[in-house]
Amino acid sequence: MDVRTAVKSRYSVRGYRPDSVPDETVREVFELARLAQSGTNNQPWHIAVVSGAACDDLRRRLCARFDARDSGERDFAAPADPLPDALMERRRACGYSYYATMGVERSDREGRAAIARKNFELFDAPHAAFFSMPRTLGISGAVDMGILLQTVTLLMFDRGIGSIAQGALANYPDTVREVAKIPEDNGIVFGMSFGYENPEALINTVRMPRESLDDIASFVS
Ligand SMILES: Cc1cc2nc3c(=O)[nH]c(=O)nc-3n(C[C@H](O)[C@H](O)[C@H](O)COP(=O)(O)O)c2cc1C
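These numbers come from a predicted model, not from an experiment. (Residues numbered from 1 in each chain as written. Predicted model: local features only at pLDDT ≥ 70, side-chain atom pairs only at ≥ 80, totals over all residues. Heavy atoms only, no water.)

K.L.:
Residue-level account of the side chain of S38, with values.
P.N.:
With respect to the helices, strands and loops of the structure, S38 is situated in the loop between helix 2 (23-33) and strand 1 (46-51). Once residues within four sequence positions are removed from consideration, S38 is found in contact with Q43, P44, W45 and D144. (Helix = DSSP H or I, 4+ residues; strand = E, 2+ residues; numbered from the N terminus. Contact = heavy atoms within 4.5 Å.)

Dropping the structure here:
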């Protein structure tokens with residue numbers, strides 16, 4: 001797949017089949033992704049992959065915390081609310097398009113919570129990955145982590161593997177540490193669920209819009 005096609009057609013997958021991605025394919029993706037660029041080549045990242053029974057165990061533990069209405073404590077602070085108006089508007093629109101597709105009214109708190117819970121169900125994916133970096137790093141490290149994320153995402157997409165980045169999976173780092181092997185001095189920046197897309201999952205029909213180029217860029221010559 002050429003880069004243009006991959007960038008234009010990739011989307012986040014929120015419903016998976018139970019079958020696992022072969023170990024060698026998972027390893028090959030991360031083997032290539034480690035070639036991503038980073039500031040001063042410091043490669044601040046660590047990726048902890050959790051599959052099979054360990055993934056099911058983690059799913060149960062994360063859902064238990066969500067069900068207990070435990071808001072958790074992130075290693076790195078979540079974006080401060082309120083977001084700037086335009087960003088807040090896009091965030092709301094993002095949520096509403098999922099509710100609309102799933103037939104959940106905006107006023108239906110339980111229905112909305114059920115959709116939020118899917119994050120911790122790992123969207124039924126057979127694999128999760130946790131992206132961590134030293135806790136002392138700030139924005140420069142986060143930039144590097146984002147570059148790695150997109151590299152992994154596109155490599156997976158090229159192999160027919162769906163994925164979704166999940167800030168939500170940074171909510172319960174202590175629970176993740178009980179199952180995943182995270183280096184001691186690292187903080188979890190985000191997680192990812194991945195596997196083969198369930199073509200019957202309605203939620204996978206959602207496509208998110210983007211702002212126009214002139215709204216997000218300026219050109220001077
Ligand atoms: C860093 C990052 C964190 C994200 N966290 C979540 C999340 O916790 N839950 C979720 O459902 N989607 C999450 N997403 C997916 C975004 O909502 C999605 O990328 C965006 O709406 C654009 O849609 P698309 O990926 O289908 O193009 C995250 C994406 C990124 C890049």
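K.L.:
Can you lay out the layout of surface pockets for me, pointing to particular residues and giving the numbers?
P.N.:
Volume-wise, the largest pocket comes out at about 2200 Å³. Every residue lining the largest pocket is counted, 42 residues in all, and those nearest its centre are R14, R91, C94, G95 and Y98. For the lining of the largest pocket, the secondary structure elements donating two or more residues are helix 1 (3-9), helix 4 (85-101), helix 5 (109-117) and strand 3 (162-166). A per-element tally of the lining of the largest pocket places helix 4 first, with 10 residues. Among the residues forming the lining of the largest pocket, the class breakdown is 22 nonpolar, 8 polar and 12 charged. Space inside the second largest pocket adds up to approximately 360 Å³. If you trace the second largest pocket, you find 13 residues lining it, with R27, F30, E31, I47 and V49 closest to the centre. When contributions to the lining of the second largest pocket are tallied by element, the ones reaching two or more residues are helix 2 and strand 1. Sort the elements by how many residues they give to the lining of the second largest pocket and helix 2 lands first, with 5 residues. (1 Å grid on protein atoms, 1.4 Å probe; cavity = no way out; pocket = protein on both sides within 12 Å on 5 of 7 lines; lining within 4 Å. Points joined across faces, edges and corners; volume = space filled by probe spheres on them. Nonpolar A, V, L, I, M, F, W, Y, C, P; charged D, E, K, R; others polar.)

K.L.:
Pulling in residues and values, what's your account of the pairing of strand 4 (residues 186-195)?
P.N.:
Burial analysis of strand 4 places 10 of its 10 residues in the buried class, which makes it a mostly covered element. Bridge analysis of strand 2 (residues 127-134) against strand 4 gives 8 bridges, and the strand direction is antiparallel. Along strand 4, the bridge assignment pairs H127 with F194. Pairing of strand 3 with strand 4 involves 5 bridges; the strand directions are antiparallel. Looking at the pairing, I164 lines up with S193 of strand 4. (Buried < 20%, exposed > 50% of the residue type's maximum accessible area, 1.4 Å probe, protein only. Pairing = 2+ DSSP bridges.)

K.L.:
Can you explain the sheet that holds strand 1? Please cite residues and give values.
P.N.:
Here we have 4 strands laid out as an open sheet, ordered 1-2-4-3, and antiparallel in their pairing. Among the strands making up the open sheet, the edge pair consists of strand 1 and strand 3. Across this sheet, the average inter-strand angle for adjacent strands is 25°, counted without regard to direction. (Axes fitted to C-alpha atoms, helices over the stretch in contact; angles between N-to-C directions.)

K.L.:
Help me get a handle on the site of the ligand, residues and values and all.
P.N.:
In the vicinity of the ligand there are 14 residues, among which S12, R14, N119, G167 and R210 approach most closely. A distance of 2.8 Å separates an oxygen atom of the ligand from a polar atom in the side chain of R210. In the complex, 68% of the free accessible area of the ligand, which totals 620 Å², lies under the protein chains. One can see that the ligand is located within the largest pocket. Top contributing element to the shell around the ligand by residue count: strand 3, with 3 residues. When its residues are assigned to classes, the shell around the ligand shows 7 nonpolar, 4 polar and 3 charged. (Near = heavy atom within 4 Å. Polar contact = N/O pair within 3.5 Å; in protein donor to acceptor, adjacent residues only side chain to side chain. Areas by Shrake-Rupley, 256 points an atom, 1.4 Å probe, with all protein chains shown as cover. Sits in = over half its atoms within 2 Å of the grid points.)

K.L.:
Could you give an account of helix 3 (residues 52-67), naming the residues involved and the relevant values?
P.N.:
Here helix 3 spans 23 Å end to end across 16 residues, near enough to the 22 Å set by a 1.5 Å rise per residue. Taken together, the buried positions of helix 3 are C55, L58, R59, L62, C63 and R65. Seen along its axis, helix 3 keeps its buried residues to an arc of 155°; they face one direction. The outward face of helix 3, more than 90 degrees from its buried face, is lined by the exposed residues A53 and R60. Its buried side turned inward, helix 3 meets strand 1, helix 5, strand 2 and helix 7 (173-179). (Expected span 1.5 Å × (residues − 1). Arc of directions from axis to C-beta.)

Functional significance is not addressed by these values, which are geometric in nature.
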